Amino acid sequence: MKKSVKILSVVLALVIVLGCFAACGGDKGETKTTLVMATNAAFPPYEYVEGGEFVGIDVEIANAIANKLGMELEIKDVDFGAIIGGVQSGKFDMGMAGMTVTEDRLKDVNFSDSYAKGVQVVIVKDGGTIASLDDVAGKKIGVQTNTTGDIYASGDFGEENVVKYENGALAVEALKSGKVDCVIIDNEPAKAYVAANEGLKILETEYVEEDYAICFAKENTELQEKVNAALKELIADGSVKNVVDKYIPSK
Ligand code: ARG
């Protein structure tokens, strides 16, 4: 009798302990933490929407990072100019949008290691009057608001000559319809826009070279370090290069 009571209590204890394990394990599975990434998905080949899905270099790298961290990636498509503020306020965990590291932005956010390079270029109409950077002076320049294209063009050619659009595609539309004389934007989106629209070309002169990186709130160094470690691994094992080569085959 005594023996069976002992066995019963051992069994009961086991049931309770195992039950707790199962519950805790189950909980973890359900509440897999999300990694909220803010982007502006009109920037091919880094981020754009295809068949209702977010695709592109940044999207694939971010997914690979989330995978490594055992997190679920959630993408928020917002105005480019809303990314840094939203990251600072904690609305988003990170910003990844072909975003250039600049001194000014470093005052507001921290950046990961750089995972890609960008170059600001000038898109013009075929057979137009702009043949070099010098010809841009005094002309109407289309840009995406708050991008480095906007910042550099406003600084170098005067704010009064810069027309700001919500995204690069709208700036390119304005160039086609003659509302602006050129568009200053990153080289890879420029190539994508020129390929998709007839009668446009990119000037040979490169304007400014830049590094793209992921941004985080200043106080969120824990996440920054985790993401950066994952990114480092993905760069070292060639995954980042594979993604870039998939979207930019010539490279
Ligand atoms: N590299 C430029 C910048 O950081 C443009 C980035 C625009 N990105 C986007 N997803 N729309 O200002």
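Residues numbered from 1 in each chain as written. Predicted model: local features only at pLDDT ≥ 70, side-chain atom pairs only at ≥ 80, totals over all residues. Heavy atoms only, no water.

In the vicinity of the ligand there are 15 residues, among which Ala97, Thr100, Arg105, Thr148 and Asp186 approach most closely. Separating a nitrogen atom of the ligand from a side-chain N or O atom of Glu47 is a distance of 3.0 Å. Gln144 is positioned such that a nitrogen or oxygen atom in its side chain is 3.1 Å from a nitrogen atom of the ligand. Summarising the interface, the protein chains cover 100% of the accessible area of the ligand, which totals 350 Å² for the free molecule. Taken together, the residues of the shell around the ligand break down into five nonpolar, six polar and four charged. (Near = heavy atom within 4 Å. Polar contact = N/O pair within 3.5 Å; in protein donor to acceptor, adjacent residues only side chain to side chain. Areas by Shrake-Rupley, 256 points an atom, 1.4 Å probe, with all protein chains shown as cover. Nonpolar A, V, L, I, M, F, W, Y, C, P; charged D, E, K, R; others polar.)

According to the stated counting rule, one finds two cavities of 30 Å³ or more in the structure shown. Volume-wise, the largest cavity comes out at about 90 Å³. Residue lining of the largest cavity: Asn40, Phe43, Phe80, Ala97, Gly98, Thr100, Arg105, Gln144, Thr147, Thr148 and Asp186, and that is the complete set. In terms of residue class, the lining of the largest cavity is built from three nonpolar, six polar and two charged. Lining the second largest cavity are Phe43, Gln120, Gln144, Thr147, Gly149, Ile184, Ile185 and Asp186. For the lining of the second largest cavity, the leading source of residues is strand β11 (residues 182-186), giving three residues. (1 Å grid on protein atoms, 1.4 Å probe; cavity = no way out; pocket = protein on both sides within 12 Å on 5 of 7 lines; lining within 4 Å. Points joined across faces, edges and corners; volume = space filled by probe spheres on them. Helix = DSSP H or I, 4+ residues; strand = E, 2+ residues; numbered from the N terminus.)

To continue, consider the pattern of salt bridges. In total, this model carries eleven salt bridges according to the counting rule given. Salt-bridge contacts for Lys76 lead to Glu74; the nearest nitrogen and oxygen are separated by 2.9 Å. Owing to a relative accessible area of 30%, Glu74 belongs among the partly exposed residues under this scheme. A salt bridge links Asp211 to Lys117; the shortest N-O distance between them is 2.5 Å. You can see Asp211 sitting in strand β13 (residues 208-212) and its partner Lys117 sitting in strand β8 (residues 116-125), a full 94 residues away along the chain. According to the relative accessible area criterion, Asp211 is partly exposed, its value standing at 30%. Salt bridges sharing partners connect three or more residues here, namely Asp150, Glu159 and Lys164. (Salt bridge = Lys/Arg side-chain N within 4 Å of Asp/Glu carboxyl O. Buried < 20%, exposed > 50% of the residue type's maximum accessible area, 1.4 Å probe, protein only.)

Moving on, we come to the nonpolar core. Ranked by size, the top nonpolar core spans 32 residues in total, and within it Ile57, Ile61, Ile65, Met94, Met96, Tyr115 and Ile214 carry the most contacts. Counting only elements with at least two residues in this core, the list comes to β1 (34-39), α2 (57-69), β5 (72-77), α8 (221-236) and α9 (239-247). It is α2 that provides the largest number of residues to this core, a total of six residues. The residues touching Ile57, leaving out its near neighbours within four places in the chain, are Pro45, Tyr46, Val243, Val244, Tyr247 and Ile248. (Core = buried A, V, L, I, M, F, W, Y, C linked by side-chain atoms within 4.5 Å. Contact = heavy atoms within 4.5 Å.)

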